[in-house]
Amino acid sequence: TRSLCDWSSDVCSSDLNKKDDLLIILNTSNRSYQNWEFTLSGKLNWKEIFNSDNIMYWGSGNYVNDGCETEIINKKNKLSKIKISIPAFSILIFR
């Protein structure tokens, strides 16, 4: 498990459970972020499986990451960088 918290922006992430390769992001601020970059190890492709801003959960639907922009940094070491949009007061889960 690896956690990263940027308390200046109130965004925390954790790539929990390496077996399932889950990335969980929590934004506790009233600010939204566009193109936030995360460098991850393990999987090279990520898909959003939960977003509390989705309209099906009474969110605005403005910050849904249908297609995550993934850049492979080091294929041998399985390092990739993803850019995602993070809504205010939200939880996002990627697999």
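Calculation notes
Residues numbered from 1 in each chain as written. Predicted model: local features only at pLDDT ≥ 70, side-chain atom pairs only at ≥ 80, totals over all residues. Heavy atoms only, no water. Pairing = 2+ DSSP bridges. Helix = DSSP H or I, 4+ residues; strand = E, 2+ residues; numbered from the N terminus. Axes fitted to C-alpha atoms, helices over the stretch in contact; angles between N-to-C directions. Phe/Tyr/Trp six-rings, centres within 6.5 Å; stacked < 30°, edge-to-face > 60°. Buried < 20%, exposed > 50% of the residue type's maximum accessible area, 1.4 Å probe, protein only. Polar contact = N/O pair within 3.5 Å; in protein donor to acceptor, adjacent residues only side chain to side chain. Contact = heavy atoms within 4.5 Å.

### Focus on the sheet that holds strand β7 (residues 79–86)
And step 1. If you trace the 3 strands from one edge of the open sheet to the other, you get β4-β7-β6, paired in antiparallel fashion. Of all strands in the sheet, those bounded by a partner on one side alone are β4 (33–41) and β6 (69–74). If you compare each strand with its neighbour and ignore which way they point, the axes differ by 25° on average.
And step 2. Alignment of β4 against β7, held across 7 bridges, turns out to be antiparallel. By the bridge assignment for β7, W36 is matched with I84.

### A word on the packing of aromatic side chains
The geometry of an aromatic ring pair is captured by the separation of the ring centres together with the interplanar angle, meaning the angle of the planes.
And step 1. Tallied over the entire structure, the rule returns 3 aromatic pairs.
And step 2. Each ring, one from W36 and one from F38, has its centre 6.4 Å from the other, and the planes form 35°; the classification is tilted.
And step 3. On the basis of relative accessibility, which here comes to 18%, the residue W36 falls in the buried class.
And step 4. The exposure class of F38 is buried, given its relative accessible area of 4%.
And step 5. Here the aromatic rings of F50 and Y57 are separated by 4.9 Å at their centres, their planes lie at 50°, and the arrangement is tilted.
And step 6. Taking relative accessible area as the criterion, Y57 reaches 37% and is therefore assigned partly exposed.

### Points about the side chain of S90
And step 1. Here S90 lies in strand β8 (residues 90–94).
And step 2. The class for S90 is buried, based on a relative accessible area of 1%.
And step 3. Reaching out from S90, the side chain makes a polar contact with the backbone oxygen of P87 at a distance of 2.6 Å.
And step 4. Apart from residues lying up to four places away in sequence, S90 is in contact with I25, L26, N27 and S52.

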